[in-house]
Amino acid sequence: MFVDESEWIRDVLEATPLEKGATVLDIGSSTLHFRTVVQPHLDRNVFAPLRARGLEVLHLDARPEPGVDIVADVTNLKGVDRTFDLVLCTNLLEHVTDREATLRHVARVVAPGGLLVLTVPRRYPIHRDPIDTGYRPTAAELAALLGWPDVLRQEVLTIRAPEHYQGFKRALRRIFSPWQIACVLARKPT
Ligand SMILES: C[S@@+](CC[C@H](N)C(=O)[O-])C[C@H]1O[C@@H](n2cnc3c(N)ncnc32)[C@H](O)[C@@H]1O
């Protein structure tokens, strides 16, 4: 996840009321090392603020690694028999072949009236994890795939520059940013 994307999620969630004790599921979380060392902005901007608000955050991934609380396949979410007040599924839908069915399972674990944050690269190179279908939706296409009437935010972010780019490379990247991310925040019908 890019820093800009994590800031977008931080800002939209900050502006959204969530009660203390509300539950959060991060689907396709990767590992604790990834969230705190490889991409520390993930924990700093997205999960630490949620924990600080008193929310209970669980991380789900297909890989049984440290920092993964629930091991499950997002394409069926077998074994996940409860719902969450907030679900995040970021940079994952481009890695599954049947995204309609996958999204139905993701929607299943959102509580009625609960929130879903979805992000998918709009313009980004192929990156297999373990596959990449080349799905690169607009935010409107992503919201339409979900099909919920209550879309609170939808936006395509143009990524300014990764934090580690400095000097000329950073300036150049800020002017000619090739990367974009489609982001959606929606509320599940009650
Ligand atoms: C590109 S990373 C995204 C990490 C983080 N959510 C982000 O936005 O930066 C994709 C993650 O999805 C996981 N993943 C890929 N296919 C999956 C599947 N079928 N079920 C569950 N997780 C999957 C991978 O193990 C990986 O940790």
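Residues numbered from 1 in each chain as written. Predicted model: local features only at pLDDT ≥ 70, side-chain atom pairs only at ≥ 80, totals over all residues. Heavy atoms only, no water.

### Observations regarding helix H3 (residues 40-52)
Here is step 1: Maximal helix bending in H3 amounts to about 30°, located at Val 46; proline Pro 49 follows within four positions.
Here is step 2: By the burial criterion, the buried members of H3 are His 41, Leu 42, Asp 43, Asn 45, Val 46, Phe 47 and Leu 50.
Here is step 3: Looking at the buried residues of H3, the elements they touch are helix H1 (3-14), strand E1 (23-27), helix H2 (32-38), strand E2 (56-61) and strand E4 (84-90).
Here is step 4: Two residues or fewer after H3 comes Gly 54, characterised by a positive phi angle close to 85°. (Bend = angle between axes of the 7 residues up to and from the residue. Helix = DSSP H or I, 4+ residues; strand = E, 2+ residues; numbered from the N terminus. Buried < 20%, exposed > 50% of the residue type's maximum accessible area, 1.4 Å probe, protein only. Contact = heavy atoms within 4.5 Å.)

### Some thoughts on the site of the ligand
Here is step 1: Taken together, the neighbourhood of the ligand is formed by 17 residues, with Gly 28, Asp 61, Val 74, Thr 90 and Asn 91 sitting nearest.
Here is step 2: One nitrogen or oxygen atom from the main chain of Gly 28 is found 2.7 Å from a nitrogen atom belonging to the ligand.
Here is step 3: Between the ligand and Asn 91, the relevant distance is 2.9 Å, taken from an oxygen atom to a side-chain nitrogen or oxygen of the residue.
Here is step 4: Burial of the ligand by the protein amounts to 91% of the accessible area it has alone, namely 590 Å².
Here is step 5: Looking at side-chain class alone, the shell around the ligand contains seven nonpolar, six polar and four charged residues. (Near = heavy atom within 4 Å. Polar contact = N/O pair within 3.5 Å; in protein donor to acceptor, adjacent residues only side chain to side chain. Areas by Shrake-Rupley, 256 points an atom, 1.4 Å probe, with all protein chains shown as cover. Nonpolar A, V, L, I, M, F, W, Y, C, P; charged D, E, K, R; others polar.)

### Considerations on the side chain of His 95
Here is step 1: Along the chain, His 95 turns up in the loop between E4 and helix H4 (99-108).
Here is step 2: Among the polar contacts listed, one links the side chain of His 95 to the side chain of Glu 94, at a separation of 3.4 Å.
Here is step 3: Discounting chain neighbours no more than four positions away, the residues touching His 95 are His 127, Asp 129, Ile 131 and Asp 132.

### Some points on the sheet that holds E1
Here is step 1: Read from one edge to the other, the open sheet built from seven strands follows the order E3-E2-E1-E4-E5-E7-E6, with strand pairing classed as mixed. Every interior strand has two partners, whereas the edge strands, strand E3 (70-71) and strand E6 (150-158), have only one.
Here is step 2: Set on the sheet, helix H5 (residues 139-146) makes contact with strand E5 (110-123), E6 and strand E7 (180-187); between it and E7 the angle comes to about 35°. (Pairing = 2+ DSSP bridges. Axes fitted to C-alpha atoms, helices over the stretch in contact; angles between N-to-C directions.)

### Notes on the pairing of E5
For a regular strand, the rule is simple: side chains alternate between the two faces of the sheet.
Here is step 1: Among the 14 residues of E5, eleven are classified as buried, and the element is accordingly described as predominantly covered.
Here is step 2: Relative to E5, E4 runs parallel, the two being bridged by six bridges. In the sheet register, Cys 89 faces E5, and the bridge partner there is Leu 118.
Here is step 3: Here E5 runs beside E7; their pairing, made up of eight bridges, is antiparallel. Across the sheet, residue Leu 118 finds its bridge partner in E7, namely Val 184.

### Focus: the pattern of salt bridges
Here is step 1: Tallied over the entire structure, the rule returns six salt bridges.
Here is step 2: Taking the shortest distance from any N to any O, the salt bridge between Asp 11 and Arg 10 comes out at 3.0 Å.
Here is step 3: Among the salt bridges present, the one from Arg 51 reaches Asp 43, with a minimum N-O distance of 2.9 Å.
Here is step 4: For Arg 51, a relative accessible area of 41% translates into the label partly exposed.
Here is step 5: The exposure class assigned to Asp 43 is buried, which follows from its relative accessible area of 13%. (Salt bridge = Lys/Arg side-chain N within 4 Å of Asp/Glu carboxyl O.)

### So, H5
Here is step 1: Those residues of H5 lying buried are Ala 139, Leu 142, Ala 143 and Leu 146. In an axial view of H5, the angular spread of the buried residues amounts to 95°, which keeps them on one side of the axis.
Here is step 2: Where H5 is buried, its residues meet H4, E5, E6 and E7.
Here is step 3: Backbone geometry just downstream of H5 places Gly 147 in the positive-phi region, at approximately 80°. (Arc of directions from axis to C-beta.)

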